[in-house]
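# Survey of secondary and tertiary structure
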Amino acid sequence: MENSKVIRHLDPRRWEGVSVLDYKEEGQHFQSITRQVLFDGETDFPCQVRYFEIDEGGHSTLERHQHVHVVMIIRGRGRVLLNDRVEEVKEFDLVTIPPQNWHQFRATEGTPLGFLCLVNVERDRPVLPGEEDLEMLRADPDIAGFIRF
Ligand code: MN
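All residue numbers here refer to positions counted from 1 along the written sequence of the relevant chain. Given that this is a predicted model, residues contribute local features only at a pLDDT of at least 70 and side-chain atom pairs are listed and counted only at 80 or more, while totals for whole chains, interfaces and linings are drawn from all residues. Heavy atoms from the whole structure form the basis of all side-chain values; hydrogens and water molecules are not counted.

### Quick word on unusual backbone geometry
- Non-glycine residue Ser-32 carries a positive phi angle of around 55°.
- Helix and strand labels come from DSSP, where a helix needs a run of H or I of at least four residues and a strand needs a run of E of at least two; each type is numbered from the N terminus. With respect to the secondary-structure elements, Ser-32 resides in strand β4 (residues 31–39).
- Categorising residues by exposure relies on relative accessible area from a 1.4 Å probe, with only protein chains included: less than 20% of the type maximum marks a residue as buried, more than 50% marks it as exposed, and the intermediate range marks it as partly exposed. Residue Ser-32 is classed as partly exposed on the basis of its relative accessible area of 33%.

Now the structure itself:
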């Protein structure tokens, strides 16, 4: 049996003993974003809790995949593409991203955007948009002005 534990919050963007990692190992389709793994799954509970922080002006990858994200904003504010629309989000908003929904987070409001993200440990790789996908997304002027790719 594992021991219960508390991971102490140190400052707005750090937890005790938790490394600040690159957002992803490779690729140029994101900007100014870090990743921390706060919970890395256990037997019979195969999920991860990650904290991502996007600096002002930065963004996550525009992508979609089969796995689900449950996201809670815990720092700052920004905007997010949710498949066919762009929504403003702020601290303590909860965002659910179902399978195959295009999504991209941006810190656009003069503050960083920090959020917890719950995912399955076993998950498929994100898919980036092709030319046809981009054309479809950009048919909406709000989305065309929002996405970064
Ligand atoms: Mn994703």
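### Observations regarding the side chain of Arg-35
- Among the structural elements, Arg-35 can be located in strand β4.
- Judged by relative accessible area, Arg-35 falls into the buried class, the value being 16%.
- Only 3.0 Å separates the side chain of Arg-35 from the backbone oxygen of Asp-22, close enough to count as a polar contact.
- A distance of 3.1 Å separates a polar side-chain atom of Arg-35 from the backbone oxygen of Tyr-23. Two N or O atoms form a polar contact when they lie within 3.5 Å of each other; inside protein one atom must be a possible hydrogen donor and the other a possible acceptor, and for residues adjacent in sequence the pair counts only when both atoms belong to side chains.

So yeah, pure geometry; function would need other evidence.
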